[in-house]
Amino acid sequence: MALNFDHHTLGQRVYFGAGRANEYLKAALKDLDSKKVMVIASGSALRAAQEIAAGVEVAVWHSDVVMHVPLASAENARAVAAKRDIDVLVCVGGGSATGLAKAIALTMGIPIIAIPTTYAGSEATNVWGLTEDSRKTTGVDNKVLPTVVIYDSELTLSLPVEMSIASGLNGLAHCIDSLWAPRADPINAALALEGIRALAAGLPKIMNNPQGISGRDEALYGAYLAAVSFASAGSGLHHKICHVLGGTFNLPHAQTHATVLPYVLAFNAPFAPEVEKRAATALGSSTALEGLQKLRTQLKAPQKLTDYGFSAAGIPEAVSIILENIPANNPRPVTAENLTELLEKALVGAEPA
Ligand code: NAD
């Protein structure tokens, strides 16, 4: 098979080790020669952040973290960073904390050290997102790519199992969507397939033993690969759908991804047989959908969008916004009719195939 592609690799330093966040943070700050540290951590991550930053001089603790980064909260955080002459941002938390750090970096060019505590993966992408008037805008800018990522799976032990599963399936969605996204190529496919394998191995371990490090390590490793493949391949159909459900209808990010994934997989898989086969192998199953559904059953995964505040009344508006943004290379042609059908099924948790 002839290979022909144009692949971009993003540069980051990635530290990985359970219980080592404090040590790694100090090393990273020394490397960057940064003096004025702003720590961004939501309420739930504040205690962990204080432990991670033990022995580090922190100029500002900022905990006003809101999902999908409303513009007002970004502007408030930028003003704080400017007033205190901040020269490095340390974000501890899920994608919402990372997203706020990115919003500051976007306009101020301050380097980020990201210490993730979920499997959302924002720390490994150069994608930013801001929400204003119920519309979420995203963009790509290397200024927002964290310079350093510190993975310490001990920090994920406090993430409730249900949230861990939803977030891990968000990671799995990055992998699966990467296989047919606009810039899908053999390198991001290789990362995505290893990400699928690692997440499918790690998440059941978390379910059975939430305090075990090995499942948490595998899930975090898989989430990183997922995000690297997503950053490289771009947003496919699945992300375009979830982006609208989150930005316009304020549905929770991870649960929405976890719910919608089987519907997009069932929708695209018959039109993308080669990648479907590789995803099936990574999931250890004869078809990708069967593998995903077995895993979802085992994990008691989120089932239907009605559980997260979506209703049939929102479908026409969602369809019209999503249709404006369908990737041209999506394996299956997307129409208002088949997209409506997909959302109707996801709404009530109907059989995807
Ligand atoms: P989140 O950051 O809002 O976290 C979800 C919940 O878990 C929050 O209540 C949080 O306080 C809590 N939490 C996080 N870590 C915890 C821990 N270790 N222990 C206990 N509680 C913990 O949600 P998320 O799913 O991580 O991120 C979603 C956001 O990230 C969305 O806005 C999404 O658009 C964005 N995102 C961006 C990218 C990107 O590349 N730009 C990628 C993925 C997600």
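Residues numbered from 1 in each chain as written. Predicted model: local features only at pLDDT ≥ 70, side-chain atom pairs only at ≥ 80, totals over all residues. Heavy atoms only, no water.

1. Considerations on the site of the ligand
Stage number 1. Taken together, 22 residues are adjacent to the ligand, and Ser 44, Ser 96, Thr 117, Thr 125 and Lys 136 come closest.
Stage number 2. One of the side-chain N or O atoms of Thr 125 is found 2.5 Å from an oxygen atom in the ligand.
Stage number 3. Separating a nitrogen atom of the ligand from a backbone N or O atom of Leu 155 is a distance of 2.9 Å.
Stage number 4. If the ligand stood free it would expose 860 Å²; the protein chains cover 83% of that surface. (Near = heavy atom within 4 Å. Polar contact = N/O pair within 3.5 Å; in protein donor to acceptor, adjacent residues only side chain to side chain. Areas by Shrake-Rupley, 256 points an atom, 1.4 Å probe, with all protein chains shown as cover.)

2. Thoughts on the pattern of salt bridges
Stage number 1. For the structure shown, the criterion picks out nine salt bridges.
Stage number 2. Between Lys 294 and Glu 290 there is a salt bridge, with its nearest N and O atoms 3.6 Å apart. In this pair, Lys 294 and Glu 290 are both assigned in helix H11 (residues 288–299), four residues apart and thus about one turn of the helix distant.
Stage number 3. A relative accessible area of 53% means that Lys 294 is categorised as exposed. (Salt bridge = Lys/Arg side-chain N within 4 Å of Asp/Glu carboxyl O. Helix = DSSP H or I, 4+ residues; strand = E, 2+ residues; numbered from the N terminus. Buried < 20%, exposed > 50% of the residue type's maximum accessible area, 1.4 Å probe, protein only.)

3. With respect to the UniProt feature "domain: Alcohol dehydrogenase iron-type/glycerol dehydrogenase GldA" (unreviewed entry) in the protein
Stage number 1. The feature "domain: Alcohol dehydrogenase iron-type/glycerol dehydrogenase GldA" (unreviewed entry), as annotated in UniProt, sits at residues 12–152 in this numbering.
Stage number 2. The annotated region residues 12–152 carries 33% helix and 29% strand content, and the separation between its end C-alpha atoms amounts to 16 Å. (UniProt positions renumbered as here; feature names shortened; annotations may be inferred.)

4. Description of the packing of aromatic side chains
Stage number 1. On inspection of all chains with the given rule, the structure shows four aromatic pairs.
Stage number 2. With centroids separated by 5.5 Å and ring planes inclined at 35°, the aromatic side chains of Phe 16 and Tyr 151 adopt a geometry described as tilted. Taken together, the positions of Phe 16 in strand S1 (residues 13–16) and Tyr 151 in strand S8 (residues 148–151) put the pair 135 residues apart, joining distant regions of the chain.
Stage number 3. Given a relative accessible area of 33%, Phe 16 falls into the partly exposed group.
Stage number 4. Measuring from ring centre to ring centre gives 5.7 Å for Tyr 151 and Tyr 224, while their planes differ by 70°; the resulting arrangement is edge-to-face. Of this pair, Tyr 151 sits in strand S8 while Tyr 224 is found in helix H7 (residues 213–233), placing the two residues 73 residues apart along the sequence.
Stage number 5. Taking the relative accessible area as the measure of exposure, Tyr 224 reaches 21% and is therefore partly exposed. (Phe/Tyr/Trp six-rings, centres within 6.5 Å; stacked < 30°, edge-to-face > 60°.)

5. Examining the sheet that holds strand S3 (residues 58–62)
Stage number 1. An order of S1-S8-S5-S4-S2-S3 is seen for the six strands of this open sheet, with the pairing classed as parallel. Of all the strands in the sheet, the pair left with one neighbour each is S1 and S3. Between one strand axis and the next, the sheet turns by 15° as a mean value, whatever way the strands run.
Stage number 2. In the packing of helix H4 (residues 95–108) onto the sheet, the strands contacted are strand S2 (37–41), S3, strand S4 (88–93) and strand S5 (112–116), and the crossing angle to S4 comes to about 165°.
Stage number 3. In this fold H7 packs onto S1 and S8, with an angle of close to 170° to the strand it touches most, S1. (Pairing = 2+ DSSP bridges. Axes fitted to C-alpha atoms, helices over the stretch in contact; angles between N-to-C directions. Contact = heavy atoms within 4.5 Å.)

6. A closer look at the environment of Thr 335
Stage number 1. Tracing the chain through its elements places Thr 335 in the loop between helix H12 (315–323) and helix H13 (336–348).
Stage number 2. On the accessibility criterion, Thr 335 (32% relative accessible area) is partly exposed.
Stage number 3. Expressed as a C-alpha distance, the spacing of Thr 335 and Ser 320, which sit 15 residues apart in the sequence, is 10.0 Å.

7. Regarding helix H6 (residues 186–208)
Stage number 1. Here H6 contains 23 residues, and its C-alpha end-to-end distance of 34 Å stays within 8% of the 33 Å for a straight helix at 1.5 Å per residue.
Stage number 2. N-cap assignment for H6: the residue whose side-chain oxygen lies 2.8 Å from the backbone N of Ile 187 is Asp 185. (Expected span 1.5 Å × (residues − 1).)

8. Focus: the layout of surface pockets
Stage number 1. Reported here for the second largest pocket is a volume of approximately 310 Å³.
Stage number 2. Looking at the second largest pocket, it is lined by 12 residues, and the ones nearest its centre are Pro 186, Ala 189, Glu 274, Val 275 and Arg 278.
Stage number 3. Sorting the residues of the lining of the second largest pocket by element identifies H6 and helix H10 (273–282) as the ones contributing at least two each.
Stage number 4. The element contributing the most residues to the lining of the second largest pocket is H10, with three residues.
Stage number 5. Of the residues assigned to the lining of the second largest pocket, the class counts are eight nonpolar, one polar and three charged. (1 Å grid on protein atoms, 1.4 Å probe; cavity = no way out; pocket = protein on both sides within 12 Å on 5 of 7 lines; lining within 4 Å. Points joined across faces, edges and corners; volume = space filled by probe spheres on them. Nonpolar A, V, L, I, M, F, W, Y, C, P; charged D, E, K, R; others polar.)

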